[in-house]
Structure formats: structure tokens, C-alpha cells
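# Commentary on secondary and tertiary structure
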Amino acid sequence: FQTGMLAGKRVVITAGPTREAIDPVRYISNHSSGKMGYALAQACAEAGAICTLISGPTQLNCPPHCQRIDVESAQQMHEAALKAVNDCDIFIATAAVADFRPLQAADQKIKKQADSDTMTLEMVKNPDILADVANSQQRPFCVGFAAETQDVERYARGKLERKNLNMVIANDVSQQGIGFNSDDNQVLIVDAKGSKALDKLSKAELARHLIREISERFQKAD
Ligand code: PMT
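About the cut-offs
All chains use their own residue numbering, which begins from 1 and follows the written sequence. In keeping with the predicted nature of the model, local features appear solely for residues at pLDDT of at least 70, side-chain atom pairs appear and are counted solely at 80 or more, and the whole-chain, interface and lining totals rest on all residues. Each residue is classified by how many other C-beta atoms fall within 10 Å of its C-beta atom, where C-beta atoms are placed from the backbone; a count of 20 or more means buried, 12 or fewer means exposed, and values in between mean partly exposed. Helix and strand definitions follow DSSP, with helices as H or I runs of at least four residues and strands as E runs of at least two, each counted in order from the N terminus. Each direction from the helix axis to a C-beta atom contributes to the arc, which is the arc of those directions. Being paired, for any two strands, means DSSP has found at least two bridges between them. Only the stretch in contact is used when fitting a helix axis, every axis being a line fitted to C-alpha atoms; angles between N-to-C directions are given from 0 to 180 degrees. As used in this record, a residue near a molecule or strand is one whose C-beta atom, placed from the backbone, is within 6 Å of it. Polar here means any residue outside two lists: the nonpolar Ala, Val, Leu, Ile, Met, Phe, Trp, Tyr, Cys and Pro, and the charged Asp, Glu, Lys and Arg; Gly therefore counts as polar.

If you check an unreviewed UniProt entry, the chain appears there as Coenzyme A biosynthesis bifunctional protein CoaBC from Pseudoteredinibacter isoporae.

In C-alpha cells, the structure reads:
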């Protein structure tokens, strides 16, 4: 790991979960803790990058020398990301963005209906933040994550091609002890040239390896 590897480069990272409001007191979300994205932000800053972290709700402190923009919903993250990537070299999408949100968040707390044991919530697709960044005019070098539970490499390669990305970092989130909310992770790097499996490491250590892998490919693509 070389300090200064990304000196002066602008990196935008999304991290954590999003929250999709059902009513003023309830939401739909997931188990992302933000640890992977925050570790990448820290490693970026150590490598000399100017790092902006766009974060869903987490319990974590912003790493030193990073700017954090706090958001809740996928739509807010989308807006913040498209603004931030205007002037950016590398975009890394670590966030676990809700694919759908309730079509309409109720203004008042939804009451139980005495005559019904079921409740139906109509959902609508959220924008794909990473795909929109990758198709924007000032397209940065785009790195996606892929959270898979089976056929990890095939699905990750599908995302690489479909979302028009430079790299995908895939993790098998069905494995105990890695992925969502763990301190460790184990990933497969997938790009146009091939695939590379990394050993299981703490997210902090893994992030340093990943920043080196990203930086090497970014410099070649530049
Ligand atoms: O936060 P931690 O607890 O440390 O956990 C880390 C992690 C498991 C969340 C992380 O390693 C991870 O896998 N992040 C991606 C989770 C995910 O939602 O993957 P996906 O396969 O559904 O999405 C693919 C890519 O598109 C991701 O880069 C995602 O950020 C992006 N995406 C997805 C949907 C959407 N609407 N907008 C997006 O930008």
C-alpha cells in the first residue's frame, strides 16, 4: 500500500443502507452497517485522495480527512451522488441501496385495520445510482459492489456489463462472518480482463488492498 497513490484524486464513495419511509415512524431498510464503505474512505484518504463519503444512516464516525454527506433514502443518495460526481475521478458504490420504496409514504402513522390480518404495501423501483453515474456525461472510473448469495462470479460479471462499470467487487453475503455488518469480508474482483479472488481480511485491511487494485486499474484507464 503506497501513501500518495491517489494524491489529489477525487473519490466519491456511497456507503451504508438506505431507509425508505412507510410512514413517519416506519421504514424499509437492510443490514448494511457502512463498515466496508467507511473503510474504503479511510484507505482513500490515506492514499492521498480527496474523498467524499455519501452515507446512509450508520453508527460510524467519519474517517479523518473525508467529507461526509448524510442521506436517508435512495432518492436522496441518488441526488447527492449525481451532484458529487460532477467533479470526480473515481466513484465507488458500496451502499446497499433499497431497490424499491413504498409508492407513497403515508403522512400520518398507519393504523391497524381491525377487520384485516394482512396489509399490502405498493412499491416502486428506486433509481439505480451506480448505473446513472456510469452513464453520466462526466463519467468517472466506476466501481460497483455486488452482494450475491449464489453464482457470485456470473452475477457480478452481469452487473459489470449491464451497468457499464470498470470493476465489480463481489461478496457472497450468504457466508457467515463476511458481508453485511461483519468486521471481515472476502471478495472477488471482476473486470473485463478476468477475476481475482482475495483472502478473507478485516474490512480495514481489505480496503487498502482494494484501493491499490482500483488505483492500478484507474491509472491504466486514464
Ligand atoms: O455496510 P457493511 O455492513 O460493511 O456491508 C458491506 C456490504 C455487504 C453492504 C457491501 O460489501 C456490498 O456488497 N455492497 C453492495 C450491496 C448491494 O446492494 O449490492 P447489489 O448487488 O444489490 O447492487 C449492485 C451495485 O449497484 C452496488 O454497487 C450498489 O451500491 C449499486 N446500486 C444498487 C441499487 C441502486 N438502486 N443503486 C445503486 O447504486
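## Comments concerning helix H2 (residues 74–84)
Among the residues making up H2, those that are buried are Ala74, Met77, His78, Ala81 and Ala84. Seen along its axis, H2 keeps its buried residues to an arc of 140 degrees; they face one direction.

## With respect to the sheet that holds strand E9 (residues 141–148)
With mixed pairing, eight strands are arranged side by side in an open sheet as E5-E4-E1-E6-E9-E10-E12-E13. Edge positions in the sheet fall to strand E5 (66–70) and strand E13 (194–197), since each has one partner strand and no second. Strand-to-strand twist in this sheet, taken as the mean axis angle between neighbours without regard to direction, amounts to 20 degrees. Both strand E1 (residues 10–15) and strand E6 (residues 90–93) contribute to a ladder of four bridges, which runs parallel. When the sheet's bridge partners are listed, valine 11 is paired in E6 with isoleucine 90.

## Some words on the site of the ligand
Neighbouring the ligand are 28 residues; Ser33, Met36, Ala93, Ile129 and Leu130 lie closest to it. Elements supplying a minimum of two residues to the shell around the ligand: helix H1 (35–46), helix H3 (129–134) and E9. With four residues, E9 is the single largest residue contributor to the shell around the ligand. A per-class count over the shell around the ligand returns 13 nonpolar, eleven polar and four charged.

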